[in-house]
Amino acid sequence: MLQPVPIGAYRYPFTPYPRGWYFVAELSQLHKRPQYQTKWCGEIATVTATNYGRACCKIGQLTLPTFVLGNCLFAYYGKGVPFLQEVPAIAEFSSSEWLRPFHLKFVCRTHVQEVAENALDMAHFSRVHEYIGDPKLEHFSLDGPKFTVRMRARRRVLHVIDEPLMEITYFGMGIVQAEIWAKTVHLKVLLTNTPIDEQHIIVHQWIAIKKKHFLRDVVYRLVLPHIVDREFAHDLPVWQHKVYREHPAICGKEGDIMRIRRWAEQFY
Amino acid sequence: MAYRFPFAPYPDGWYQIALGRQVKAKDIFSVTYFGKDLVAFRGENGRVTVMDAHCPHLGAHIGVGGKVVGDTVRCPFHGWRFNQQGVCIDIPYCDKIPKKAKFKTYPCREQNGVISIFYSEHDNQPTYEIPAYAAFTDPKWSSIIHLSYEVQSHVQEMAENAVDMGHFPFVHGYKEVPKIKQLDTNGPALTIQFVGQRRMLGITNSFDVTLHAVGLGLVFATTVTDMVTAHVIHSATPINENLLRIGVTFVFNKTWNPVRNVFLRQYLPGEIFRFTDGDRAVLANKIYRELPALCSEEKPITTLRRWARQFYVDSNAQSELAQQVA
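Figured I'd write up the structure that's included with this text. (Residues numbered from 1 in each chain as written. Chains lettered and ligands numbered in written order. Predicted model: local features only at pLDDT ≥ 70, side-chain atom pairs only at ≥ 80, totals over all residues. Heavy atoms only, no water.)

### As for the overall build of chain B
Phase 1: Along the backbone of chain B there are five helices and 18 strands.
Phase 2: Relative to the globule expectation of 20 Å for 326 residues, the C-alpha radius of gyration of chain B, 22 Å, shows essentially globular dimensions.
Phase 3: When its C-alpha atoms are laid out on the principal axes, chain B stretches across 70 × 60 × 40 Å.
Phase 4: Of all 326 residues assigned to chain B, the portion counted as buried reaches 52%.
Phase 5: Taking all contacts inside chain B whose residues are at least 6 apart in sequence as the whole, residues at least 24 apart take part in 55%.
Phase 6: Total accessible area on chain B stands at roughly 15,100 Å², and carbon and sulfur atoms take up 53% of it.
Phase 7: The distance from the centre of the 34 positive side-chain charges to the centre of the 30 negative ones in chain B is 4 Å. (Helix = DSSP H or I, 4+ residues; strand = E, 2+ residues; numbered from the N terminus. Rg over C-alpha atoms; globule rule 2.2 N^0.38 Å. Buried < 20%, exposed > 50% of the residue type's maximum accessible area, 1.4 Å probe, protein only. Contact = heavy atoms within 4.5 Å. Areas by Shrake-Rupley, 256 points an atom, 1.4 Å probe, with all protein chains shown as cover. Lys, Arg positive; Asp, Glu negative; His and termini not counted. Charge placed at Lys NZ, Arg CZ, Asp CG, Glu CD.)

Right, here's the structure in full:
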């Protein structure tokens, strides 16, 4: 059981709101409530449904640039011209060969950059999560506001040892797409990290499972949300209580963390 | 709340951060003092180590999921292990250990059932030790009783309060201003003995109190009344610039009468809490007068202020200066 974390001082040497595209609403929510307000990047964002199933997002009188990805509305936070955001649509989310994606969300006292750094922090997987040994990094590339990581990691899922291949792509700090190929399951994930206020972010995940066999699909649909929840439950206590070391004592194998930090500088 | 004092918030000295029994074997105990997160852990050798809470690697809090392994502590994030000097001795996935992989540790003593650390903003090392009192481990005395509370104040204010005889009748219910029998300073120690009278359980009791301050954070008191004799450790440890944690850790003399012993065990914590209650409101709301209008009977306050200056000195800078002059 996670204990409530007392709110302490702000822990980062950079703003809590790096510029970028952040999730604001699910369009399907707007069918039920055409206008609603949400805490977003330290402001109150008002999302209003417009014609043709679209929506607009405002902070006070300021209309924010937006784009739609599937069912999700994203808005741009930051001054100047928004950086180009070519996020591919996830066809699997509406494909008949895939189960409809399930949705998970949680709020955490951390910073969006911490979550991004975590993706390249290979050594934490076996200590914080239940991986067997450190994952093998097969690919890491930076491309403007985008970075991609591909890794193979041994782990036990439902008492079966598997070595899934995971490909994770960050589009800025707010949008993440992942694909996981395991022996028994193939997953497609959309994950969004959004700063709510100085201290907290909200993480949304939509996860689709490729259909294979009815019974197996039912089992995975029931079990997978718990596995994913558990995965993040391991990260949360660390994120909520850690400090950010600007000059960490890293060892030779951890240089990629510093590459991610340099990549992140473009958003400040 | 604005800072109210004309001196640094954390003078050098020994400060109580936990009771010995709170830091169990193989356990990590987390506290916040001096505006910092700290952890204390007890190695297999029984020795307690107190250090900063956040890993020098990527900043994880050791007290949240960390493990004691032998005489070392293991970070929950990447499994790095650190010894009781705070030095990293093992990275599970790397042979070369970075030089920076070291926690800041604090000189630590476990004495009289209490864990204390020497805290110095200037990284001065301790030049004095904490006295040991046999009563805290002697079965002829009661087991250790501890109570604590928070007050918005400064450690020097707490120390000044102890030698301020004039406030005892008005704040603590003494019948008249106690009489000082002895007042001495000796390096980092200050001793004051005073006698007075105060009602307790409806009976007027004579109090003979000897306070032995060791720095500004710890005061060892021996209180002899008609009813009971107690050894008390009064501790004042800054949580942050504006807030102190006051600890009262004490034992009292047991007699042949078990009813009296059980009664006092129940009664004394409440009595001490009532005794200190008046101070809390005054200390939280007062300001500090650098040049107060003192009367002639209040010399101990001036003596204490002169004595307290030594705890704000940057000894390293002083010795550098001495070398330059030489």
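### Remarks on the interface of chain B and chain A
Phase 1: In this assembly, 22 residues from chain B lie in contact with 23 residues from chain A.
Phase 2: Roughly 1,900 Å² of surface becomes buried between chain B and chain A when both sides are summed, with 64% attributable to carbon and sulfur atoms.
Phase 3: For chain B, the biggest contributors to the area lost against chain A are L58, F77 and Y93 of chain B; these three give 36% of the whole.
Phase 4: For the pair chain B and chain A, the number of links is zero salt bridges. (Buried area = accessible area lost by both parts, 1.4 Å probe. Salt bridge = Lys/Arg side-chain N within 4 Å of Asp/Glu carboxyl O.)

### Here we look at empty space enclosed by the protein
Phase 1: Tallied over the entire structure, the rule returns three cavities of 30 Å³ or more.
Phase 2: In this model, the largest cavity occupies a volume close to 700 Å³.
Phase 3: In terms of lining, the largest cavity is formed by 36 residues, of which the most central are L211, V232, H234, F275 and T276 of chain B.
Phase 4: Every element with two or more residues in the lining of the largest cavity is listed here: α1 (155–163), β14 (189–200), β15 (203–214), β16 (218–225), β17 (229–238), β18 (244–252) and α3 (258–285) of chain B.
Phase 5: Per-element tally for the lining of the largest cavity: the top contributor is α3 of chain B, with six residues.
Phase 6: What the second largest cavity holds in volume is close to 70 Å³.
Phase 7: What lines the second largest cavity is E114, E117, N118, D121, W239, K242 and I257 of chain A together with L58 and F77 of chain B.
Phase 8: Looking at the lining of the second largest cavity, the element that brings in the most residues is helix α2 (residues 112–120) of chain A, giving three residues.
Phase 9: A per-class count over the lining of the second largest cavity returns four nonpolar, one polar and four charged. (1 Å grid on protein atoms, 1.4 Å probe; cavity = no way out; pocket = protein on both sides within 12 Å on 5 of 7 lines; lining within 4 Å. Points joined across faces, edges and corners; volume = space filled by probe spheres on them. Nonpolar A, V, L, I, M, F, W, Y, C, P; charged D, E, K, R; others polar.)

### Some points on the pattern of salt bridges
Phase 1: All chains considered together, the criterion is met by 23 salt bridges over all chains.
Phase 2: Here R216 of chain A makes a salt bridge to D217 of chain A, at a shortest N to O gap of 2.9 Å.
Phase 3: A relative accessible area of 6% means that D217 of chain A is categorised as buried.
Phase 4: Between E157 of chain B and K286 of chain B there is a salt bridge whose closest N-O contact spans 3.0 Å. With a gap of 129 residues between them, E157 of chain B in helix α1 and K286 of chain B in the loop between α3 and α4 (299–308) connect regions that are remote in the sequence.
Phase 5: E157 of chain B sits in the buried class, given a relative accessible area of 3%.
Phase 6: Taken together, the salt bridges that share partners define one network made up of R198, E271 and R274 of chain B.

### Observations concerning the pairing of strand β15 (residues 186–195) of chain A
All names here are of chain A.
Phase 1: Within β15, 10 of the 10 residues are buried, which leaves it mostly tucked inside the rest of the structure.
Phase 2: Bridge count between strand β14 (residues 175–181) and β15: seven bridges; the pairing is antiparallel. Bridge pairing in β15 links Q177 to L190.
Phase 3: The hairpin formed by β14 and β15 contains four residues between the paired strands. (Pairing = 2+ DSSP bridges.)

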